[in-house]
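Here's the letter readout for the chains.
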Amino acid sequence: MKTEQQYFQEAISIQQYMENMTTLKEESFRIYDGFEVPTNDGFIELLKDKQPKILTITEDWCGDAMLNNPIIRRVAEAAGLEMRTVFRDADTELIDRYLTNGGRAIPIYLLLDDAGEVVGKWGPRAPELQELVVTKRASLPDKEDPTFEEAQKALYAEIREENISNSTYWTYVYEDFKKQVTNALQK
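Reading the values: rules and limits
- Residues numbered from 1 in each chain as written.
- Predicted model: local features only at pLDDT ≥ 70, side-chain atom pairs only at ≥ 80, totals over all residues.
- Heavy atoms only, no water.
- Salt bridge = Lys/Arg side-chain N within 4 Å of Asp/Glu carboxyl O.
- Helix = DSSP H or I, 4+ residues; strand = E, 2+ residues; numbered from the N terminus.
- Buried < 20%, exposed > 50% of the residue type's maximum accessible area, 1.4 Å probe, protein only.

A.B. asks: Hey, could you run me through the pattern of salt bridges in this one?
C.D. replies: Between side chains of opposite charge, a pair can form when the charged atoms approach closely. One pass over the structure, following the stated rule, counts twelve salt bridges. R97 is the partner of E4 in a salt bridge, and the nearest nitrogen-oxygen pair spans 3.2 Å. Residue E4 is found in helix α1 (residues 4-10), and its partner R97 is found in the loop between α6 (92-95) and β4 (108-112); the two are separated by 93 residues along the sequence. What makes E4 buried here is its relative accessible area of 14%. Using a relative accessible area of 26% as the deciding quantity, one classes R97 as partly exposed. Residue R88 is joined to D89 by a salt bridge in which the shortest nitrogen-to-oxygen separation is 2.7 Å. In the salt-bridge network here, residues are joined through shared partners; they are E4, E93 and R97.

Quick look at the structure:
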């Protein structure tokens, strides 16, 4: 069984991942180009001091990854951290160690210390965005309804557009990542 450190060593950089995206690339770069990392809250200084490595479990078709990856990448770059990515579907052994409510939800960000041990985890979604998605999904027709698939597709497109255009969502991601990572690194 491969360790998280071995996965990290074999992974590609977040920069390479984003450059090679075949789905949601333009949308991801719109967020990347628009997001500015706050520099007055002490978070970047903490990251610079602790220097965790970030291993991201992701896929480029994922709307949450489209939102989160560019923001976490900006944070990693601001702090001079190494951030690498592995594809969830290429090797499910890793994601199966980090299930969300029993599912293979992505993206998942693992923070590794110098020894390659996992010292923190974040993902797949900020709580405010989880609540929003749950509320919106509740409006969908029953799964057996013939209009369900079309309604679900329209809902996901609406959520994706909000993720791209609503910078408050970006703040939710940043703030929850900061909170969880700060707690993990200060243990």
